[in-house]
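Structural description and commentary
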Amino acid sequence: MSSSVEALRPNQRPELANLSDDTILESYRAMKLIRRFEERAEESYMRGFIHGTMHLSIGQEASAVGVVVALRASDTLTSTHRGHGHSIAKGADPALMFAEFFGKQTGYCGGRGGSMHIADVESGNLGANGIVGGGLPIAVGAALSAKMRKSDQVCVCFFGDGASNEGAFHEALNMASIWRLPVVFVCENNKYGMSMDIARSSAVPDIAQRAVSYAMPGISVDGNDVAAVRAVAETAIARARAGEGPSLIECKTYRIRGHSKSDRNFYRTKEEIEEWRGRCPIERLRNEVLGLGRLSADRFDAIDAAIEVEMEVAIEFAKASPNPDPARLTEDVYA
Amino acid sequence: MLDKPKDMINQVRELTYAEAIREAMGQAMEADPTVFILGEDIGTYGGAFGVTGDLIHRFGAERVIDTPIAELGIAGAAVGAALTGMRPILELQFSDFVTLAAEQIVNQAAKIRFMFGGKASVPLVVRMPSGSGTGAAAQHSQSLEAWFGHIPGLKVVQPSTPYDAKGLLLAAIDDPNPVLFFEHKLLYKMKGAVPIEPYRITIGQAVVRRAGTDVTIVGTSIMAVRALAAAEQLAAQGIEAEVIDLRSIRPMDTETIFRSVRKTSRLIVVYEGVKTLGVGAEISAAVAESDAFDFLDAPIMRLGGQEVPLPYNPVLEKAAVPQEDDIVAAALNLLRKDRR
Ligand SMILES: Cc1ncc(C[n+]2csc(CCOP(=O)(O)OP(=O)(O)O)c2C)c(N)n1
Ligand SMILES: [Mg+2]
């Protein structure tokens, strides 16, 4: 089927030729929504609406979207401290996310979790995580559960390059492999774990190389190319769903913002940041598609305009929402 | 009775709590080539809370070691280095991550000296920022010191002033045994008088921060600071509270507490860790088992963290741990009950 699609679009690279117009627009919309959500969250932070810190994934949208948009609604994922994109790609409501960031009762966690703990277990989002590497064994458990329940669910496990140095990474990959579990490990290698360059923290330059130790496929992909990410994700997801076991995907990408709100960027150069800014995955998709004459600019512009309205409404909802009642502090504490 | 640095003349200036800790590390490293620091983002980044700051520039990357994110591994590496002639200072980025390093600290570091028949020692210091109040939520705000206070073989200290931070850290580095050094995030910017010269504060000694006759308030870490502020409010209402900063929870200076209780006949213990099975339970039991018990005119009162994971919302977060006004209210309540 895909080769016939390629034949239909002979002037396009296969990763893009394989994507329908709808998928392209859906991916564009998801990436743009993540970007604007985070830019508006950043702005809200500056204005004092957000307490605590935040980890922004600006520049990394393609890895979240390329993988998650290829999932079924019934599939699950585990996310990280830098997880806004994973949640939004999985269908989280930005209004409930803003409400959580603002600490409101209406937020995903009732104001108890904040940016680092967005979760929506019912929709398959098993949670962002404040503990680096914390989600890796949980994803193995979710995949074990899917297998035991004889469901065809796949679990996608996101984590960073830094997390791959935790023992939990190695334990998780080994278990997933010996039990042939339906899990797809997605390393978002943005070159740094906080200030630690991967060249200083990892014995091998590509995290994908580590798959060899656990007898699973390992592949590195340009994480700022949503079509390329989608192509490798589809293969890994299909393999997991078919009961053939886990895979490790490494998305090479870059975070444009600092690690958190307190980062002064002493460990990297302005030139490096600027170079990567030029590889914006959102602009790249749009420009490539327009250049091919596949879709007209007004289709993209309409998406952009709708997102602006959605953001405005979401922020107003969050602002107008009530604070949690301190009298209910111990609710949900069962022991 | 009041603890005043003896050598306060001339060489004293104001430092923040974070600067005092950095100064202690720098002086220890200058004096002893076996002292080194390891941890995540402690080099160029200067530490997540800026505590190591410029030490990388002064001592180089071989003695200020940026590690991969691998808490169990780096704790074990510190134990191994300590066992073989080095004096590592391990910085954990948040004290919550000590849960990942706990195996090496609890099963290895704490037990080696005893288990090996007294023929080995582990001169290790583990520094970690703890506590709530920064909106960092449930996995970045805990106060886990009581867990470690339960382990024979570990010393557990919690400085609440820049002066104590420097003196206790230098004592911890000198100590031939593992010391867990719990810093409080909200104290890093607090300023106080700190002598330039190195000095040591004996681990396991509490200090009376304020003398009083009506009620003893024992606080740990930032709660000692809040207790002192609460005592000023109480003084305005004619109540003289004696405030004790415990400083170390293991070993614990119960004698200073007993002495105070014999004088005031009332005791409040205030700490940020979860109330149940915490520092307050230990102090209350110690008093109940001692002759100081006979002097009590009112039940002992514990003010601890609520029985909840720490919430993100700032109002909830404040409500989850004792605040200055809670201490004042507790003291008023205790004295009122007592009069009835
Ligand atoms: C167990 C643990 N160790 C350390 C931290 C502090 N920390 C939070 S994010 C981070 C860097 C993580 O790097 P990486 O996995 O590459 O993810 P990125 O931030 O680059 O997205 C660190 C050190 C933590 N939250 N949990
Ligand atoms: Mg990273």
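Scoring rules and cut-offs
Residues numbered from 1 in each chain as written. Chains lettered and ligands numbered in written order. Predicted model: local features only at pLDDT ≥ 70, side-chain atom pairs only at ≥ 80, totals over all residues. Heavy atoms only, no water. Helix = DSSP H or I, 4+ residues; strand = E, 2+ residues; numbered from the N terminus. Rg over C-alpha atoms; globule rule 2.2 N^0.38 Å. Contact = heavy atoms within 4.5 Å. Areas by Shrake-Rupley, 256 points an atom, 1.4 Å probe, with all protein chains shown as cover. Lys, Arg positive; Asp, Glu negative; His and termini not counted. Charge placed at Lys NZ, Arg CZ, Asp CG, Glu CD. Buried < 20%, exposed > 50% of the residue type's maximum accessible area, 1.4 Å probe, protein only. Donors = N, O, S within 2.8 Å, 3.2 Å for Na, K, Ca; no water. Pairing = 2+ DSSP bridges. Axes fitted to C-alpha atoms, helices over the stretch in contact; angles between N-to-C directions. Near = heavy atom within 4 Å. Polar contact = N/O pair within 3.5 Å; in protein donor to acceptor, adjacent residues only side chain to side chain. Nonpolar A, V, L, I, M, F, W, Y, C, P; charged D, E, K, R; others polar. Core = buried A, V, L, I, M, F, W, Y, C linked by side-chain atoms within 4.5 Å. pLDDT = per-residue confidence, 0-100.

**Describing the overall build of chain B**
- In terms of regular secondary structure, chain B is built from 12 helices and 14 strands.
- Taking 2.2 N^0.38 as the reference for a compact globule, 340 residues should give roughly 20 Å; the C-alpha atoms of chain B span a radius of gyration of 20 Å, in line with that estimate.
- Viewed in the frame of its principal axes, chain B has a C-alpha envelope of about 65 × 45 × 45 Å.
- In chain B, the proportion of contacts linking residues at least 24 apart, taken out of those at least 6 apart, comes to 83%.
- As displayed, chain B offers around 12,900 Å² of accessible surface, 55% of which is attributable to carbon and sulfur atoms.
- Mean positive and mean negative side-chain charge positions of chain B (33 and 41 charges, respectively) differ by 3 Å.

**Observations concerning the overall build of chain A**
- Regarding its fold elements, chain A presents 13 helices and 7 strands.
- The globule rule puts the C-alpha radius of gyration for 335 residues at 20 Å, and the 20 Å found for chain A is close to it.
- Sorting the 335 residues of chain A into buried and exposed places 57% on the buried side.
- Considering only contacts within chain A whose residues lie at least 6 apart along the sequence, 72% involve residues at least 24 apart.
- Roughly 13,500 Å² of accessible area belongs to chain A as shown, and the carbon and sulfur atoms make up 54% of that amount.
- Treating the 38 positive side-chain charges of chain A as one cloud and the 44 negative ones as another, the clouds have centres 2 Å apart.

**Quick notes on the coordination of the magnesium ion (ligand 2)**
All names here are of chain A.
- Donor atoms from the polypeptide that bind the magnesium ion (ligand 2) are Asp-161 (OD), Asn-190 (OD1) and Tyr-192 (O), placed at 2.1 Å.
- If you list the donors of the magnesium ion (ligand 2) from N- to C-terminus, the spacing comes out as D-x28-N-x1-Y. Each member of the pair, Asn-190 as well as Tyr-192, carries the same accessibility label: buried.

**Some thoughts on the sheet that holds strand S11 (residues 241-245) of chain B**
All names here are of chain B.
- Strand order in the open sheet formed by 5 strands is S9-S11-S10-S13-S14, and the pairing between neighbours is mixed. Each edge of the open sheet is held by one strand with a lone partner, namely strand S9 (207-210) and strand S14 (301-305). Geometrically, the sheet is characterised by an average inter-axis angle of 25° between neighbouring strands, direction not taken into account.
- Examined bridge by bridge, S9 and S11 share 3 bridges and lie antiparallel to one another. Residue pairing for S11: Val-208 is matched across the bridge by Ile-244.
- Across the sheet, helix H8 (residues 222-236) touches S9, strand S10 (215-219), S11 and strand S13 (267-274), and the angle it forms with S11 is around 170°.
- Set on the sheet, helix H10 (residues 279-288) makes contact with S10, S13 and S14; between it and S13 the angle comes to about 150°.

**Section: the site of ligand 1**
- Taken together, the neighbourhood of ligand 1 is formed by 23 residues, with His-81, Arg-82, Gly-130 and Gly-162 of chain A together with Glu-71 of chain B sitting nearest.
- More than a single chain frames ligand 1: its nearby residues are located in chains A and B.
- Val-132 of chain A is positioned such that a nitrogen or oxygen atom in its backbone is 3.0 Å from a nitrogen atom of ligand 1.
- Between ligand 1 and the protein, one listed contact pairs a nitrogen atom with a side-chain N or O atom of Glu-71 of chain B at 2.5 Å.
- Burial of ligand 1 by the protein chains amounts to 97% of its free accessible area of 580 Å².
- Per-class residue counts for the shell around ligand 1 are 8 nonpolar, 9 polar and 6 charged.

**Re the environment of Glu-23 of chain B**
All names here are of chain B.
- Here Glu-23 shows up in helix H1 (residues 17-31).
- Classification of Glu-23 as buried rests on a relative accessible area of 18%.
- For the pair Glu-23 and Lys-166, spaced 143 residues apart in the sequence, the C-alpha separation amounts to 7.2 Å.
- Among residues more than four places away in sequence, those in contact with Glu-23 are Arg-13, Leu-15, Lys-166, Val-194, Pro-195 and Ile-196.

**Remarks on the sheet that holds strand S5 (residues 125-130) of chain B**
Residues and elements named next belong to chain B.
- Strand order in the open sheet formed by 7 strands is S3-S2-S4-S5-S7-S6-S12, with mixed pairing between adjacent strands. Each edge of the open sheet carries a strand with a single partner, namely strand S3 (64-66) and strand S12 (248-250). Here the average twist between neighbouring strands, direction ignored, is 20°.
- Across 3 bridges, strand S2 (residues 35-39) lies against S3 in parallel orientation. Directly across from Leu-38, in S3, lies its bridge partner Ile-65.

**Observations concerning the nonpolar core**
- Ranked by size, the top nonpolar core spans 72 residues in total, and within it Val-65, Phe-98, Phe-101, Val-156, Val-184, Ile-249 and Leu-285 of chain A carry the most contacts.
- Excluding anything up to four places from it in sequence, Phe-101 of chain A contacts Phe-37, Ala-41, Phe-49, Ile-50, Met-54, His-84, Ser-115 and Ile-118 of chain A together with Tyr-312 of chain B.
- Formed by 65 residues, the second largest nonpolar core is a distinct cluster that contains Tyr-17, Ala-172, Met-223 and Ala-227 of chain B.

**Some points on the confidence of the model for chain B**
- With 96% of its residues at a pLDDT of 70 or more, chain B shows a mean pLDDT of 96.
- Reported confidence for the predicted complex is 0.96 by ipTM and 0.96 by pTM.

**So, unusual backbone geometry**
- The step from Arg-250 of chain B to Pro-251 of chain B runs through a cis peptide bond, and the omega angle for that step is -5°.
- The residue Pro-251 of chain B is located in the loop between S12 and helix H9 (254-264) in this model.
- Of note in this structure, Lys-191 of chain A is not a glycine but carries a positive phi near 80°.
- Counting through the fold element by element, Lys-191 of chain A comes out in the loop between strand S3 (183-189) and strand S4 (192-193).
- A relative accessible area of 26% means that Lys-191 of chain A is categorised as partly exposed.
- Here the phi dihedral of Ala-137 of chain B falls at roughly 70°; this positive angle occurs in a residue that is not glycine.
- On the secondary structure map, Ala-137 of chain B appears in the loop between S5 and helix H6 (145-149).
- In this structure Ala-137 of chain B comes out as buried when scored by relative accessible area, which is 1%.

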